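Coordinates in review
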Amino acid sequence: RRARAGGLGLRADALDLTRPLPRRALGRYDLVFTDPISTRDGFALFLSRAVSCLRPGGLIFCCAHAAALEVCCGVVAELRLVLRDRLADFNRYYDDTFEIDGYRSDLVVLERTARARALYDPAAPAAADIFRGVASHRQHAWAEVRALPGRPLDLPRLAERLRQVTVASPWAAGPGALHQTAAGLRWLVVLRGGGHLALSVDRERGLLAVSVFPFDDARDNAIYADLARAMGSGPAGAGHLVAAPDRRLLESCAAVLARERGFPIL
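A brief look at the structure comes next. From a predicted model like this one, the values you see are computed outputs, not experimental measurements. Sequence order as written defines the numbering, with residues in each chain counted from 1. For a predicted model such as this one, the threshold for reporting local features is a pLDDT of at least 70, and the threshold for listing and counting side-chain atom pairs is 80 or more; totals across whole chains, interfaces and linings nevertheless cover every residue. As a rule here, side-chain values come from all non-hydrogen atoms in the structure, and water together with hydrogens is ignored.

**Considering the layout of surface pockets**
- Roughly 670 Å³ of internal volume is contained in the second largest pocket.
- Grid points spaced at 1 Å over the protein atoms alone were grouped into cavities, where a 1.4 Å probe fits but cannot get out, and pockets, open sets with protein on both sides within 12 Å along at least five of seven lines, with lining residues defined by an atom within 4 Å of a point. Forming the walls of the second largest pocket are 25 residues, and the residues nearest its centre are Arg 11, Ala 12, Asp 13, Tyr 29 and Leu 31.
- Runs of H or I in DSSP of at least four residues are treated as helices and runs of E of at least two as strands, each being numbered from the N terminus. Where the lining of the second largest pocket is concerned, the elements lending two or more residues are helix H1 (2-5), strand E1 (29-34) and helix H2 (40-53).
- Here the lining of the second largest pocket takes six residues from E1, the largest share from any one element.
- Within the lining of the second largest pocket, the residues separate by chemical class into 13 nonpolar, three polar and nine charged. Grid points are joined across faces, edges and corners, and a volume is the space filled by probe spheres set on the points. Ten residues, namely Ala, Val, Leu, Ile, Met, Phe, Trp, Tyr, Cys and Pro, are considered nonpolar, four, namely Asp, Glu, Lys and Arg, are considered charged, and the remaining ones, Gly among them, are considered polar.

Set out below in C-alpha cells:
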C-alpha cells in the first residue's frame, strides 16, 4: 500500500517457508524478510529458503534473538552469505493480549553472494524437529518416536501408509506435501480447522519426529494413534524410544504404541 501510494514499482508476497517453495518464487526476489525460530535448525531452514528465493546480490532482513546471534552467524557462514549490518534490539513483540512483552530481537542484514548455497532442498517441507527449540511453547506439541537399533525403517512402505492415514483421517484437510529421499522423508499436512502437522523421518537414526500446531488434546491423540499404526510396519516386538517435552505427549505416544502394536516402551 505504501509503495502504491508513493508510485513505486514494488511487489510484496507472503510465503510460508515451512512449506515447499513454489517454482515461481525461485530466484525471483530482491529482498526477503524473515523472523525464524532462533535455533540452529530454524535459521538453517528459513535462511536457506531466502537463498533459494533471492537473486544474486539480494538482501535478507533476518530477526535473531541476541542470545542466538552466534548460532545465527554460524549458519550464515555455512550458507556463504555476507553480513552487512546488525541493528541491536530492533524488534519488539506483542503477546496474545496485544501488550508489548519483554522479548527483543536484533535485525541482521545479509547479502546473497554468487557462492551462496541452500542447506534445504526448496522442494522439501521443513523437518519437524525445527520446532524442537520451542517445544515447550504452549501452542506447539512435539514428540519423537525412535526405532531400536537393527530395526531399519521401510521408507516406501511408510510413505504409502502415511498417504493412507491422511486420506482416511478426519483431521487432515488434504493429502499434504510428501518429500522422500534415500535418507528419509518429510511430510507437511494442513489440519482441518487450521494449523499444520510437520513430520520427518530419518532412516539412518530410525527416528520419527512430529510437531503439531496448535495442539489440541482430542485431535492430537487421534493423530498419534494413526501415526503409531503407520509406524507399525516393523516386526512384532520391535521397541521404540519415545521422547516428548511434556508428560501428556509422552504418555499418549507410549500408550498408543503399547496398545496398538504391543511394543515395549523403554
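Okay, back to it.
**Describing the pairing of E1**
- Pairing between two strands requires that DSSP report at least two bridges joining them. Pairing between E1 and strand E2 (residues 54-64): five bridges, direction parallel. In the sheet register, Phe 33 faces E2, and the bridge partner there is Phe 61.
- When the strands point away from the viewer and the connection leading from the first strand across the helix to the second strand turns clockwise, the crossover is called right-handed. Traced from E1 through H2 to E2, the parallel crossover comes out right-handed.

**As for the nonpolar core**
- What makes a nonpolar core is a set of buried Ala, Val, Leu, Ile, Met, Phe, Trp, Tyr and Cys residues whose side-chain atoms join them at distances within 4.5 Å. Using a 1.4 Å probe on the protein chains alone, a residue whose accessible area is under 20% of its type maximum counts as buried, one over 50% counts as exposed, and one in between counts as partly exposed. Membership of the largest hydrophobic core comes to 30 residues, with the highest contact counts inside it found for Phe 43, Leu 47, Ile 60, Leu 81 and Leu 110.
- Mapped by element, the contributors of at least two residues to this core are E1, H2, E2, helix H3 (69-79) and strand E4 (100-112).
- Ranked by residues supplied to this core, first place goes to H2 with eight residues.
- Apart from residues lying up to four places away in sequence, Leu 47 is in contact with Thr 34, Ile 60, Cys 62, Val 75, Val 76, Leu 79 and Leu 110.
- Counting residues in each nonpolar core, the second largest holds 21 residues, with Leu 158, Leu 162, Leu 199 and Leu 227 among its members. Should any heavy atoms of two residues lie within 4.5 Å, those residues are counted as being in contact.

**Let's talk about unusual backbone geometry**
- Although it is not a glycine, Arg 80 sits at a positive phi angle of roughly 60°.
- Within the secondary structure layout, Arg 80 lies in the loop between H3 and strand E3 (81-94).
- At Asp 89, a position not held by glycine, the phi torsion is positive, near 50°.
- Looking at the element boundaries, Asp 89 is found in strand E3.
- Asp 89 gets classed as exposed once you look at its relative accessible area, which sits at 53%.

**Digging into the pattern of salt bridges**
- Salt bridge, as used here: a side-chain nitrogen of Lys or Arg that lies within 4 Å of a carboxyl oxygen of Asp or Glu. Inspection of every chain in the model, using the stated rule, returns seven salt bridges.
- Here Arg 55 makes a salt bridge to Asp 30, at a shortest N to O gap of 3.0 Å. Pair noted here: Arg 55 is in strand E2 and Asp 30 is in strand E1, with a separation of 25 residues, a long-range link.
- Taking the relative accessible area as the measure of exposure, Asp 30 reaches 54% and is therefore exposed.
- Arg 40 is the salt-bridge partner of Glu 78, the closest N and O atoms lying 2.8 Å from each other. Separated by 38 residues along the polypeptide, Glu 78 in helix H3 and Arg 40 in helix H2 bring together distant segments of the chain.
- Owing to a relative accessible area of 36%, Arg 40 belongs among the partly exposed residues under this scheme.

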